Structures are given as structure tokens and as C-alpha cells.
Amino acid sequence: MKGTALKRLMGYLFSRQRGKITIVLVSNVISSLTTLAAPMVLAEAIDHIADGIHIAITEGSSFQINLQTMGLFIAALLALYLLNFAFKYLEQYLMAFIAETVCLHMRKDLSNKMGRMPLRFYDSTEKGEILSRATNDIEKIGEVLREGLGQLITSLITMIGSIVMMIYISPVFTVISVITIGVATGVTALITKRSRKNFYENQVALGRVNANIEEAFTGQLVIKAFSREKMAIKEFDQLNNTMCEASHKSQVSMFVVSPAVRLINSIGYTVIAVLGGISILQGRLSIGTVQAYIQYLDRAGEPLIECAFIWNMMQSAIASGERIFEIIDMDEEPVESEPREKIENLKGDVTFQHVRFGYSKGNPLMQDVNIRVKSGDKVAIVGPTGAGKTTLVNLLMRFYDIQGGKITIDGVDIRSLRRADLRKMFGMVLQDAWLFGGSIRENIAYGKSDATEEKIIKASKAARMDHFIRTMPEGYDTVLEEDGTNLSQGQRQLLTIARVILANPSLLILDEATSSVDTRTELEIQKAMDHLMRGRTGFIIAHRLSTIRDADLILVMNHGTIIEQGTHTELLAKKGFYENLYQSQFAYGNI
């Protein structure tokens, strides 16, 4: 997986930015060449001074410096340093741009992938874990590209160029130096080989901590209500300690390389310094040349340390890339072949024929489910918790695909319809009122963005929201806080009902839409919903049986199976499961 992740990261790097990468490489080469040229210029300057001192001693004259010659040396060094600065700046500027572009495309691909993922994925994956991959992991990749990749290229060019110059100056010294560099490289490879696992575990631990924080933050009311603060803190501490340990291991893997390589290089420096001194005394090499060689040795050794450090950083980027690609490679909703069927003049007849479904293979939840709903019918779905009520609706919307039988709307198998076309037929009001960042107007028009002001107000009035909205400081332009927390639960529910009324769908799904409002508001909403459902097929997931007495069809579910169906009167007459359920609610005063 490591090689695959690295290859795919390189694909993001080179796919759309070859021109910029080319400029970065050219800038790298030029800046590296200026770095490599400086020691030789400095060596000439030192030798010029040394020769002057030698002549003065030999002839017994005073030491003098040729200012013109030294001026040329100084000018050459300044020119090299300025060129190095200019091309280094260009390289880093472009690398920052390239890194952000890579992050942009990765976030875009991940976002597009999330839109194609089936509901099964969201049901089984913590939100905090997804957020961690979309933010922390992608940012880690960007950080490595910004800070590491350009420097890695520079270090490699500098190291290779330095070795070439070392060979030019003294092949014998170079053999000794290469042995030292080889040992340091082996130590680096050994450490980095083990580091990727540590970086991967660190990113996983970070994802779990983020998931826990997100869960604890959103569930703070429940935590306090049940006095579970200590348990929540204990759970967080355990995850935090695990993350700390994983982070410590990954950081040790990263920072242990530098002192280990420097120790090995220091031994090499000592040997070369001794041999260089002997060579100067014997007249085989000049002082400037030995000085230049030591600088090249340093330029060959330090880049090795930098390469090792950056390569370790890249292990963390590869580990983050693996986590991103895990999601990108997951199975998504099957691609729909074209052309697909369309339903003209939708009436709303719905039929379940021998439907079979299970969330996992070998564990069927529904077997041989048969339902026939006529256009305009008000269908209530009742049953105990976990009976399969929401699952039935999810199958109807194709959030999950059935494993046997078929579901039809107006005689057309829903699997032959495009999912987008199918879902546009429905309007949903869920028990959990979900609102998005933006104004009240934008939230009401979420399902119909081209709606006129008149239609938005009309929908709000039908949902008994208009008067309340006008009392807000900015009216319909009032911006909602995160999750609509500046509205009460009941007001949020009313707003989602107004959203469905405005969308004016052909079929409705109501998941106990009035469960969070007071009795008076419930009656008003019930009237509005009755008016909305007139002439439309509607499915109501009901918990309070008193609200569905007038339903045209009541489906009674238990353990994923429809065990009874009929009208309220017919089911009471059967003296079966529904009658027991109804009487139990009545006995406890819930109707």
C-alpha cells in the first residue's frame, strides 16, 4: 500500500502542474550550483591570501593584499549568494502554491467521493474520523510538500554535486568520506523503514481523539444530564494517552536520525581533517583546497541529515495518503447506466413485491415483504424500536438497495430510475431537524433554490412559522448559528416542515415530524401536513398511535417484518399486536 500511496500522491503532484514543477527543478539546480560554486571561489581567495603571506615571508617584505583581485572574489561570492537567494525564493514560492493546489484537489476528490458514498458508510463511520481525514491528514500532506519536497530535491542535488567536487579534489579522501556517508545512509534507511508504521498509528489515534471530541461536544447535554462527566473525561484521557504515546514514537522516529547521522559524520570529519593537515604539510594540497573539500564534505553530510529528516516527514505524508485513499477506494453507490427510465405524470402508486433485505450477508432483516399503496394514501408505519420502520423508508428512497424482490412506483421498478430522479419525488421531514449554515430563507429554500419570496413566505405560513420569523431581528435574513442553535427544537422542526412544503414533492415521508413541538403547535402542524398530504402519497413513521387513526393503511412491523396491516379500526378488531401496542400506550397515558 505504501508504494501505491506514494505513486498516487506523485500523481496529484504532477498531473496538472508539470510546468511549475519544471520551474521548481530548474530553480533547484541553479540554487544548488551556486551553493556548490561558492567553496571553490572561497578556496581561490584563501589560496591568494596564503600565497601573499608565503611571498612576504620568503622575501622578507610586508604582506599586501591585491584589492582588485580580492574585490573580484568578493563580488563573485555576493553574486552567487544573490542568485541563490532569488532562485531559492522562487522555488519555495512555487512549492507553496503547488502544495496548496494538491490539497485543493485532494479535498475536492474526497468531497466528491463522500457524495457518492452509500448511507451504509455514514452509518458505520464516526463523523470525527471522517473530519480528521479531510482536515488533519490532507494538511499533513500539504505541510510535507510545502516544507519538505523542495528541500529534499535541493539536498539530493547538493549531496551528489558535493561528492563530484570531492572526487575532483581528492579521490582518496572521497573514498573515506563515501564510506562514512554509506554507513550514515544505512542507519537512516533502517530508522525510516520502521517509522511509517508509527506515523500511521499516530494519524489513526488523532482521528479517534477528534471523533471523541466531536461526540462529547455534541452530546454535552446528555453527558451532564446523566452526570457522566468523569467517565467522558476518563475515556478522553485514555484516547489522549494513546495518541500521546503514538505521537511520541513517531517523533522519536523522526528526530533520532539527525544526531545519529551527525555522530557518524563527525568521525568522518575528524579523519579528513587529520589527513588534510598532513597533505598541506606535504604540499600535495593547498589550504584553500582542503578548506573547500571540508565544506563539500559538510555539504554532502548535512543534506544527508536533511534527506533523512524529510524522508521521515514523507512517511507521515504517505501514512496520511493511505488513510485518504482508503476512503477514495471504498465501494460507492453503483454507477447508473444510461438511459434510465422516467415516470411521467407521477401518481404515487407504491408496491413492495416479495422484498428481501439484510444489512449484512447471511443476516436477513426483511423477508418476503409485500405492500400495496394507492396514490394519495396516507400510510402509517408503526412498531417497537428496531422493528425496521426507518429501514423500510430507506429502501424506498434507495439509500440501501434490496437483495431480492422489487419496489415499484407507478409500476416502474425504482432500480431502473436514477437515484436523483427518485429522491426528487420525495419530501422528508425527519425527527432530527437538521439545518445548515446560512439564513432562514436559504434553509427554507434548500430543496428549491429558485423559489420566489412569495412562495417562501407562503410555505412559512403553512408551517405556522411566518409570524415567528418576522419577530427575529433580521426576519428571513436572520443567520442561523451552527445546527440552528439560536432556534428552539420545535422551531427547527417547523422550519424543516416549511422546507418540504416549499419543495412541493409528489410523495412524503414524515418521521414523527411533530414529536418536538408542544400540543397546540402539533395540532396546527397536523392541519398543515394534512393539507399538504391531500392528494399525495405519504408515509408516516409514527410513535404516538393517536396521530395516525385516520391513516388509509397502517403497517405494523416487528423484527423487520410486516406482521399486520390494515386500517386503525380493522387492526383493533384483530386483537393482535397492534391492539396490544395501542392499549399499552393508552394505559400509560401516551395518547
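Predicted model, so just to flag it, every value in this text is computed and none were measured.

Enquirer: Pulling in residues and values, what's your account of unusual backbone geometry?
Expert: A positive phi angle, close to 55°, is found at N504, a residue other than glycine. Residue placement: N504 occurs in the loop between α16 (489–503) and β9 (507–511). On the basis of relative accessibility, which here comes to 44%, the residue N504 falls in the partly exposed class. Notably, K575 is not glycine yet its phi reads approximately 55°, a positive angle. Its location among the elements puts K575 in the loop between α18 (568–574) and α19 (577–587).

Enquirer: Tell me about the nonpolar core, and name the residues and values.
Expert: One broad trend across soluble globular proteins is that nonpolar side chains are buried collectively. Ranked by size, the top nonpolar core spans 41 residues in total, and within it V382, I444, L495, I548, I554 and Y578 carry the most contacts. Going through the elements one at a time, β3 (378–382), α13 (440–444), α14 (453–462), α16, β9, α17 (519–533), β11 (553–558) and α19 are the ones with two or more residues in this core. Among the elements that make up this core, the one with the highest residue count is α16 (seven residues). Sequence-distant contacts of Y578, defined by excluding residues within four places in its chain, comprise V382, L545, I548, I554, V556, E564, H568, L571 and L572. Within the second largest apolar cluster, 35 residues are counted, among which are F352, L395, I402 and L555.

Enquirer: So what about the sheet that holds strand β2 (residues 366–373)? Which residues, and what values?
Expert: Here we have four strands laid out as an open sheet, ordered β2-β1-β4-β5, and antiparallel in their pairing. In the strand order of this sheet, the two ends are held by β2 and β5 (412–413), each with one partner. Of the pairings in the sheet, the one linking strand β4 (residues 404–409) to β5 comprises two bridges and is antiparallel in character. Residue pairing across strands places T408 opposite D413, the latter belonging to β5. In this fold helix α11 (residues 389–396) packs onto β1 (350–357), β2 and β4, with an angle of close to 110° to the strand it touches most, β1.

Enquirer: Could you give me a rundown of the pattern of salt bridges, with the residues and numbers involved?
Expert: With the rule as written, the count across this model stands at 16 salt bridges. One salt bridge connects R146 with E139, and the closest N-O pair in it is separated by 2.7 Å. Ionic contacts of the salt-bridge type, sharing partners, join the residues E100, R107, E139 and R146 into one network.

Enquirer: Requested: an account of the pairing of β11, with residues and values cited.
Expert: Within β11, six of the six residues are buried, which leaves the element mostly enclosed by the surrounding structure. The alternating pattern of β11 places L553, L555 and M557 on one face and I554, V556 and N558 on the opposite face, and all of these are buried. Bridge count for β3 against β11 is four bridges, and the pairing is parallel. Its bridge partner lying in β11, A380 is registered against I554. The pairing of β11 with strand β12 (residues 561–566) spans five bridges and is antiparallel. Directly across from L555, in β12, lies its bridge partner Q565.

Enquirer: Now, about the sheet that holds β9: what can you tell me, with residues and values included?
Expert: The strands making up a sheet are joined through hydrogen bonds of the backbone, oriented either antiparallel or parallel. The six strands lie next to each other as β6-β9-β10-β3-β11-β12, forming an open sheet whose pairing is mixed. With partners counted over all chains shown, the strands left at the sheet margins are β6 (426–429) and β12, one partner each. Between one strand axis and the next, the sheet turns by 20° as a mean value, whatever way the strands run. Of the strands in this sheet, β6 and β9 touch α16, which is tilted by about 175° from β6.

Enquirer: Account for the confidence of the model for the chain, with residues named and values stated.
Expert: Residue-level pLDDT values for the chain average 79, and 84% of them are 70 or greater. Taking the mean pLDDT of every element in the chain, the minimum, 66, falls on helix α7 (residues 220–225) and the maximum, 92, on β4.

Enquirer: Describe a nonpolar patch on the surface, listing the residues and the values that go with them.
Expert: A contiguous nonpolar patch, built from I74, L78 and Y81 and spanning about 320 Å² of accessible area, is present on the exposed surface. Here Y81 shows up in helix α3 (residues 67–116). Y81 gets classed as partly exposed once you look at its relative accessible area, which sits at 48%.

Enquirer: Which residues make up the side chain of D466, and what are the values?
Expert: Along the chain, the position of D466 falls in helix α15 (residues 466–470). If sequence neighbours within four positions are ignored, D466 has contacts with I457, S460, K461 and Y476.

Enquirer: So, the environment of I509: which residues are in play, and what are the values?
Expert: Among the structural elements, I509 can be located in strand β9. On the basis of relative accessible area, I509 is assigned to the buried category, the value being 1%. Residues I509 and V393, 116 residues apart in the sequence, show an inter-C-alpha distance of 7.7 Å. What I509 contacts, discounting residues up to four positions off in sequence, is V393, M397, F426, G427, M428, V429 and F539.

What counts and what doesn't
- Residues numbered from 1 in each chain as written.
- Predicted model: local features only at pLDDT ≥ 70, side-chain atom pairs only at ≥ 80, totals over all residues.
- Heavy atoms only, no water.
- Helix = DSSP H or I, 4+ residues; strand = E, 2+ residues; numbered from the N terminus.
- Buried < 20%, exposed > 50% of the residue type's maximum accessible area, 1.4 Å probe, protein only.
- Core = buried A, V, L, I, M, F, W, Y, C linked by side-chain atoms within 4.5 Å.
- Contact = heavy atoms within 4.5 Å.
- Pairing = 2+ DSSP bridges.
- Axes fitted to C-alpha atoms, helices over the stretch in contact; angles between N-to-C directions.
- Salt bridge = Lys/Arg side-chain N within 4 Å of Asp/Glu carboxyl O.
- pLDDT = per-residue confidence, 0-100.
- Patch = residues over 30% accessible without salt bridge, like charges linked within 9 Å, V, L, I, M, F, W, Y side chains within 5 Å.
- Areas by Shrake-Rupley, 256 points an atom, 1.4 Å probe, with all protein chains shown as cover.

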